[in-house]
Amino acid sequence: MSNENIIDLRSDTVTKPTPAMREAMAAAEVGDDVHGEDPTVLRLEAMAAGLMGKEAAVFVASGTMGNLTCLLAHCERGDEAIVGSEAHVLHYEAGGVPALASVQLRTVPNDSHGMLDVVAIEETIRGKNVHFPRTAVICVENTHNRCGGGVLTVEEMAQVGSVAREYGIRVHLDGARIFNAAIALGVPAAKLTEHVDSVTFCFSKGLAAPVGSIVCGTEEFVAKARRARKMVGGGMRQVGVIAAPAIVALETMIDRLAEDHENAKLLAEGLARLPGLRIDPERVQSNILAVDVHDGQTFQRKLRDAGVLTSAFGPRRIRFVTHYGVTRDDIEDALERVRHTIEEAA
Ligand code: TLP
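J.: What is the right way to look at a negative patch on the surface in this model?
T.: Negative charge collects at one region of the surface, where Asp 111, Asp 117, Glu 122, Glu 123 and Glu 166 lie side by side. Among the structural elements, Glu 122 can be located in helix α6 (residues 118-124). Here Glu 122 falls in the partly exposed class, since its relative accessible area comes to 31%.

J.: Explain the site of the ligand here, please?
T.: Lining the immediate surroundings of the ligand are 14 residues, of which Ser 11, Gly 63, Thr 64, Asp 174 and Arg 177 lie closest. A distance of 2.9 Å is found between an oxygen atom of the ligand and a backbone nitrogen or oxygen belonging to Gly 63. Between Arg 177 and the ligand, the recorded distance is 2.8 Å, taken from a side-chain N or O atom to an oxygen atom. Across the complex, the protein chains shield 82% of the 500 Å² of accessible surface that the ligand would expose by itself. Three or more residues apiece are contributed to the shell around the ligand by two domains, here domain 1 (3-14 + 256-345) and domain 2 (19-252).

J.: Before we go on, may I ask you to explain the sheet that holds strand β6 (residues 170-174) in this structure?
T.: In a beta sheet, neighbouring strands are held together by backbone hydrogen bonds and run either parallel or antiparallel to one another. The seven strands lie next to each other as β2-β8-β7-β6-β5-β3-β4, forming an open sheet whose pairing is mixed. In this open sheet, the two strands that pair with only one neighbour each are β2 (56-60) and β4 (104-108). Pairwise comparison of adjacent strand axes, ignoring direction, gives a mean angle of 20 degrees for this sheet. As paired strands, strand β7 (residues 198-202) and strand β8 (residues 213-217) are joined by four bridges and run antiparallel to one another.

J.: Explain the pattern of salt bridges to me, please; I cannot follow it from the model alone.
T.: Pairs may arise between side chains of opposite charge once their charged atoms sit close together. In the structure shown here, the tally under the stated rule is 17 salt bridges. For Arg 134, the salt bridge goes to Asp 79, with nearest N and O atoms at 2.6 Å. With Arg 134 in the loop between α6 and β5 (135-141) and Asp 79 in the loop between α3 (63-74) and β3 (80-84), this pair connects stretches of sequence that are 55 residues apart. On the basis of relative accessible area, Asp 79 is assigned to the buried category, the value being 4%. The closest approach of N and O atoms between Arg 328 and Glu 332, which form a salt bridge, is 3.6 Å. In this pair, Arg 328 and Glu 332 both sit in helix α14 (residues 328-345), four residues apart, roughly one turn of the helix. Residue classification places Glu 332 among the partly exposed residues on the basis of a relative accessible area of 38%.

J.: What is the right way to look at the domain arrangement of the protein in this model?
T.: Interfaces are often described in size by the accessible area the parts lose on coming together. According to the domain assignment, the protein contains domain 1 (3-14 + 256-345) and domain 2 (19-252). For domain 1 and domain 2, the distance between their C-alpha centroids amounts to 28 Å. Taken together, the 16 residues of domain 1 in the interface contact 21 residues of domain 2. Here domain 1 meets domain 2 over a buried area of about 1,600 Å², counting both sides, of which 50% is carbon and sulfur. In terms of surface lost to domain 2, no three residues of domain 1 exceed Leu 257, Gln 285 and Phe 313, which account for 36% of the buried area on that side. The tally of links between domain 1 and domain 2 comes to one salt bridge. At the level of secondary structure, the elements contributing two or more residues to the side of domain 1 that touches domain 2 comprise α12 (257-272) and β9 (288-292). The element contributing the most residues to the side of domain 1 that touches domain 2 is α12, with three residues.

J.: Quick question: what am I supposed to make of α3 here?
T.: Each α-helix winds once per 3.6 residues, and so residues spaced three or four apart point in a common direction. Compared with the 16 Å implied by 1.5 Å per residue over 12 residues, the 16 Å span of α3 between its first and last C-alpha is a close match. Among all positions of α3, only Gly 63, Met 65, Gly 66, Asn 67, Leu 68, Thr 69, Cys 70, Leu 71, Leu 72, Ala 73 and His 74 are buried.

J.: Even after reading the chapter, I still don't get the nonpolar core, so can you show me in this structure?
T.: It is characteristic of soluble globular proteins that their nonpolar side chains tend to be buried jointly. In terms of nonpolar packing, the biggest core is built from 57 residues, with Phe 59, Phe 179 and Phe 201 touching the most fellow members. Here the element with the most residues in this core is helix α11 (residues 240-252); it accounts for eight residues. Dropping the residues within four chain positions of it, Phe 179 is found in contact with Leu 51, Met 52, Ala 189, Phe 201, Leu 207, Leu 250, Ile 254 and Leu 257.

J.: Teacher, can you tell me more about the side chain of His 113 here?
T.: With respect to the helices and strands, the residue His 113 is situated in the loop between β4 and α6. The class for His 113 is buried, based on a relative accessible area of 19%. Of note is the side chain of His 113, whose polar atom sits 3.0 Å from the side chain of Asp 111. Separated by 2.9 Å, the side chains of His 113 and Glu 156 make a polar contact.

J.: Whenever I open this one, the packing of aromatic side chains confuses me. Can you help?
T.: Each aromatic ring pair is specified by the distance between its two centres and by the angle formed by the two planes. Counted by the stated rule, this structure contains three aromatic pairs. Taken together through their ring pairs, the aromatic side chains of Phe 59, Phe 179, Phe 201 and Phe 203 make up a single cluster.

About the cut-offs
Residues numbered from 1 in each chain as written. Predicted model: local features only at pLDDT ≥ 70, side-chain atom pairs only at ≥ 80, totals over all residues. Heavy atoms only, no water. Patch = residues over 30% accessible without salt bridge, like charges linked within 9 Å, V, L, I, M, F, W, Y side chains within 5 Å. Areas by Shrake-Rupley, 256 points an atom, 1.4 Å probe, with all protein chains shown as cover. Salt bridge = Lys/Arg side-chain N within 4 Å of Asp/Glu carboxyl O. Lys, Arg positive; Asp, Glu negative; His and termini not counted. Charge placed at Lys NZ, Arg CZ, Asp CG, Glu CD. Helix = DSSP H or I, 4+ residues; strand = E, 2+ residues; numbered from the N terminus. Buried < 20%, exposed > 50% of the residue type's maximum accessible area, 1.4 Å probe, protein only. Near = heavy atom within 4 Å. Polar contact = N/O pair within 3.5 Å; in protein donor to acceptor, adjacent residues only side chain to side chain. Domains from an automatic or database assignment. Pairing = 2+ DSSP bridges. Axes fitted to C-alpha atoms, helices over the stretch in contact; angles between N-to-C directions. Contact = heavy atoms within 4.5 Å. Buried area = accessible area lost by both parts, 1.4 Å probe. Expected span 1.5 Å × (residues − 1). Core = buried A, V, L, I, M, F, W, Y, C linked by side-chain atoms within 4.5 Å. Phe/Tyr/Trp six-rings, centres within 6.5 Å; stacked < 30°, edge-to-face > 60°.

As structure tokens, then:
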């Protein structure tokens, strides 16, 4: 099958830069960013900090590097971080936090849209005892990838913040898709970060920039994260060439995420009507769909043969992600191909 015929719903990470991004890359003013001399990076960091309502920001290579540098900055060796049982940092970051930060990850269950039970958090926070690790930070994720793109509300973010404050613990937000959450709720992203000490978000997912994520927090925290970034080899040089498309992403790509959410709804409604697929369209809040099937591997293979690419959350749970590279017509086409695939198998 030719590439044009493939509908790639594996992830919003597959998005390609827009023409305006490519132009911005070619024209970017650059300098040595490790010396703090890249004007484009400085501009991007100031913009991102402003959008998150934080004092400062540091540009990093990826979402994984964002989470790792934040945990390095929040924790000491042997500390514990509370994370959701479905957290990206737990499942998909190659064990980097325990391996490289010497921080133990302790889970509390995520509910179906990704919220952590605050009573469970309280019960998990360690008391003072020579035997115990120190609970340093609570990590939340919004939107929540493995919880089907679930969105945590401003109130839910405040609840986590309030329990953390009560116990003198920091909160880190993996906001890889924070703007999807903000658009879904119709609130400025800064409302979702009011109660967190650090947030990382990605330019290279639904915002379609080719590379990069950013960490935001207080000046003091960002100075620590900047040092941690250097430690893990993330000090970059004339990096304005990749900061420039990230600026274009912030300027032009946030509002259009609503289209991805509409397409995800449309896809969910269509899939829900097909035999053998279980998904509740009411629960689709952003651009990620989790669909339950009997035999995920076979289903994925058949869809791939029909030119529809998906990814898997597990042997019986398939993920579809809508994004900039997929139009409403593509969604209708994909639904038709899924329907045909299921009919053929029957
Ligand atoms: N997620 C990727 C894969 O790693 C699974 C995807 O295709 O969705 N936090 C969250 C919530 C993420 O979804 C991701 C990427 C990251 C962090 C890591 O970002 P990168 O890939 O830039 O390291």
